[in-house]
Structure formats: C-alpha cells, structure tokens
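Summary of the model geometry
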Amino acid sequence: MGVKGNAILGLITLAAFIGCGLMAQAQESQVDYDGFVELSAEISHYRSSRLVALDTFNEMKAEPGTIVLDTRSAEAFLMGHIDGAVHLNFSDFTDDKLAKVIPSKDTRILIYCNNNFTDDVAPVPVKRIELALNVPTFINLYGYGYENIYELDGAYPTAEPAIQWVGEASPL
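Residues numbered from 1 in each chain as written. Predicted model: local features only at pLDDT ≥ 70, side-chain atom pairs only at ≥ 80, totals over all residues. Heavy atoms only, no water.

**Remarks on the pattern of salt bridges**
Overall, the coordinates contain 3 salt bridges when judged by the stated rule. Two residues, glutamate 151 and arginine 47, come together in a salt bridge whose shortest N-O distance is 2.8 Å. Placement of the pair is glutamate 151 in strand S6 (residues 149–152) and arginine 47 in helix H2 (residues 33–48), with a sequence separation of 104 residues. The partner of arginine 72 in a salt bridge is aspartate 70, and the shortest N-O contact between them spans 2.8 Å. The buried category is assigned to arginine 72, whose relative accessible area is 3%. Under the relative-accessibility criterion, aspartate 70 is labelled buried at 0%. (Salt bridge = Lys/Arg side-chain N within 4 Å of Asp/Glu carboxyl O. Helix = DSSP H or I, 4+ residues; strand = E, 2+ residues; numbered from the N terminus. Buried < 20%, exposed > 50% of the residue type's maximum accessible area, 1.4 Å probe, protein only.)

Right under this line is the structure:
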C-alpha cells in the first residue's frame, strides 16, 4: 500500500475513532432516576401541605390568575374535565410547552387526576393509587420551577355539582 493508500486508511481509522466517540457521547443517559428520587423526597412534605379540599379548590379556581391544569390524555380531556381547566398532556411536559400554558412560574396551578373521581369509567378510570397522575404531575411541575401548585384532595363523583364537570361525555 502506498502513501496515498496509507493516508486513506489513516483517515478512515480517524473517522471511525471520532464516530465511536460521538456514539459514546450519544449513548450517555438523559435519564436521572436518582435525581428524580431526590426531588420526590425533597418535596414530599411540601406536597402534603398543598392538598386542598374541593371547596378550597373552587375558591382558588375562581380567583384571577389561577390555572386548573388537566394533564390526562387529550382524549380523556375532551370526554370530560373540570370546567375552566386547560390541557397539557403530562407526556408533553417541556420547558417550552409549560411556558405556553402557564404564564409565569408564580402562577397558581390547581391539579387533579382520574383518582379524584369515584366513577371509575372513561374518562376517569381509577389508576393504581400509588401511580395516580397527580403525584408525577406535582413533582414535574415543581421540578420545572413551578412551586405555586395545589392538588385536589379526596375523591368525588363527577356528577357532584361542586365539581363542575363539562365535556362531550359524562361518565354516568
């Protein structure tokens, strides 16, 4: 192999090393489970102090600048939700999408999920209690810098007038 062949072989080898290095960088995890566990532990007491009864939830909801955030699927939201709620699917949480829905990090945010309802049919089938959507929603909002979060406490039928349920379909 001549000088030209050695040069080409050298360039191919160099490209392979660079490619391997780039692949190694690309394979670095973008998931921080330990960080999630630490964040969850950090806000455990805080979250428990932010659970509010339905009457308080409705009083807060009526105040200007408060957002009721529904993070269930778009399909479930269209089928029914608390009147006045805005929708952002939990799996779509990013800094940009949250900023489009929530005007500022200081905005009061009220959250609820399927497990706040006793109907246990679409659009509010009860989830396993330890996997209720309220928990990761609260943790993620806090992790994104939204700390003025309140969570509906308790479980109610959607037909309860104080719930103010609206949508295309009623679970009952």
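Moving on, there is more to tell.
**So, the pairing of strand S5 (residues 108–112)**
Across the 5 residues of S5, 5 count as buried, placing the element largely inside the fold. Burial along S5 is two-sided: the face carrying Arg108, Leu110 and Tyr112 and the face carrying Ile109 and Ile111 are both buried. Summarising the sheet, strand S2 (residues 66–70) and S5 pair through 5 bridges and their orientation is parallel. Pairing of aspartate 70 across the sheet is with tyrosine 112, part of S5. Bridging between S5 and S6 involves 3 bridges; their strand directions are parallel. Looking at S6, one finds that leucine 110 is bridged to tyrosine 150. (Pairing = 2+ DSSP bridges.)

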